[in-house]
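Here is how the chains run, residue by residue.
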Amino acid sequence: IGFTTYQILKSLHEAKNEQGPDGEAMDIIYVLPTADDVKQFSGGKTNRIIDNNPCLQEWTKDKDSIEQKRVGRATIYYRGSWTERTALMISARKLIVDELDRCKPSIVEQYDSRLQHVKNPKKAFFSNPSLPEQGVHKYFLLSDQKKWHVTHPCGEQFVMDESCIDYEQEIYKCPKCSGEITDEERRMGDWVATSKGEWSGYW
């Protein structure tokens, strides 16, 4: 759904433009499941985004490697989750965990502990879910559980889920009037909270 691309851009923007209450740099730890994932992610995805954006090239010209990127005064550290050593000796103001359900939970907890010195640390966890009440699903249950709602021309508003799929005709249908849901109608939906929680969660 493009969430990794979104977090790459958001982390670069936060590192460059945000800081702590005392003017501290916005250092960020970006965690992926393995060290090989880090190489493919940073080399193949992050670097391509930077290479195609002159503004980002200017931001990262001081220190640009596979495992870390200097953005203004801040540093983004890209780390894997299967070696305890990688979680040591780094402190940050934000933790991003990509593909949480494929990461080693004990190592993720160690990365989380690197934010203890921050009064209001930022955290982002996202993944394809694996098991109920585990990984990203655990955090979703603690969140406001936003779901994508679409309003059809018939006036019905509903969650865009599998009940809207007509497999025989291979189209999306309104669950009330059975009229077709166009791509534009799906695109113009809204994230609507369906619960109260301590996290901002997206289903």
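For the structure itself, look to the data block above.
Residues numbered from 1 in each chain as written. Predicted model: local features only at pLDDT ≥ 70, side-chain atom pairs only at ≥ 80, totals over all residues. Heavy atoms only, no water.

### Looking at unusual backbone geometry
Here's step 1: Backbone geometry at E99 places phi at a positive 60 degrees, although glycine is not the residue there.
Here's step 2: Among the structural elements, E99 can be located in the loop between β4 (94-98) and α4 (105-113).
Here's step 3: By relative accessible area, which is 26% here, E99 ends up partly exposed.
Here's step 4: One non-glycine residue with positive phi stands out, namely Q145, at about 50 degrees.
Here's step 5: Structurally, the position occupied by Q145 is in the loop between α5 (135-141) and β6 (146-151). (Helix = DSSP H or I, 4+ residues; strand = E, 2+ residues; numbered from the N terminus. Buried < 20%, exposed > 50% of the residue type's maximum accessible area, 1.4 Å probe, protein only.)

### Some thoughts on the packing of helix α1 (residues 3-17) against helix α2 (residues 35-51)
Here's step 1: Close contact between α1 and α2 brings their axes to 11 Å; oriented N to C, the two are set at 65 degrees. Like other packed secondary-structure pairs, α1 and α2 cross with a definite hand, here right-handed. Of α2, the residues touching α1 (which contributes T4, T5, I8, L9 and L12) are F41, K45, T46, I49 and I50.
Here's step 2: Of the residues that constitute the contact of α1 with α2, the class distribution is six nonpolar, three polar and one charged. (Axes fitted to C-alpha atoms, helices over the stretch in contact; angles between N-to-C directions. Left-handed = near helix turned anticlockwise from the far one by under 90°. Contact = heavy atoms within 4.5 Å. Nonpolar A, V, L, I, M, F, W, Y, C, P; charged D, E, K, R; others polar.)

### Digging into the sheet that holds strand β3 (residues 74-79)
Here's step 1: One open sheet holds the five strands; their spatial order is β2-β3-β1-β4-β5, and the pairing between them is mixed. Looking along the sheet, the strands with just one partner apiece sit at the ends: β2 (68-71) and β5 (122-126). Each adjacent strand pair in this sheet contributes to an overall mean axis angle of 10 degrees, direction not counted.
Here's step 2: As judged from the four bridges shared by strand β1 (residues 28-31) and β4, these two strands associate in the parallel manner. Within β4, the position partnered with I29 by the bridge is L95.
Here's step 3: Against the sheet, α1 touches β1, β2, β3, β4 and β5, its axis set at about 165 degrees to β4.
Here's step 4: In the packing of α2 onto the sheet, contacts are made with β1, β2, β3 and β4, and the angle to β3 comes to roughly 140 degrees. (Pairing = 2+ DSSP bridges.)

### Things to note about α1
Here's step 1: Look at α1: 21 Å from first C-alpha to last across 15 residues, which is about the 21 Å you get at 1.5 Å a residue.
Here's step 2: Within the span of α1, buried status applies to T4, Q7, I8, S11, L12, E14 and A15. Projected onto a plane normal to the axis of α1, the buried residues spread over an arc of 165 degrees and lie on a single side. (Expected span 1.5 Å × (residues − 1). Arc of directions from axis to C-beta.)

### A look at the packing of aromatic side chains
Here's step 1: Under the definition given, this model contains 10 aromatic pairs.
Here's step 2: Of the aromatic side chains, those joined through ring pairs into one cluster are F3, Y6 and F126.
Here's step 3: Over the ring of Y139 we find K138; its NZ or CZ atom is 5.1 Å from the centre of that ring.
Here's step 4: The ring centre of W203 lies 4.7 Å from the NZ or CZ of K147, which sits over that ring. (Phe/Tyr/Trp six-rings, centres within 6.5 Å; stacked < 30°, edge-to-face > 60°. Lys NZ or Arg CZ within 6 Å of the ring centre and 35° of its normal.)

### A few points about the sheet that holds β6
Here's step 1: Strand order across the open sheet formed by three strands is β7-β6-β10, with antiparallel pairing between neighbours. Where the open sheet ends on each side, the last strands, each with one partner, are β7 (157-159) and β10 (190-193). Between one strand axis and the next, the sheet turns through 45 degrees on average, direction left out of account.
Here's step 2: In this structure, β6 lies alongside β10, joined through four bridges in antiparallel fashion.

### Overview of the side chain of K94
Here's step 1: Its location among the elements puts K94 in strand β4.
Here's step 2: Residue class for K94 comes out buried when judged on its relative accessible area of 3%.
Here's step 3: Setting aside anything within four residues of it in sequence, one finds K94 in contact with Q7, K10, E14, M26, D27, I28, I29, L115, K122 and A124.

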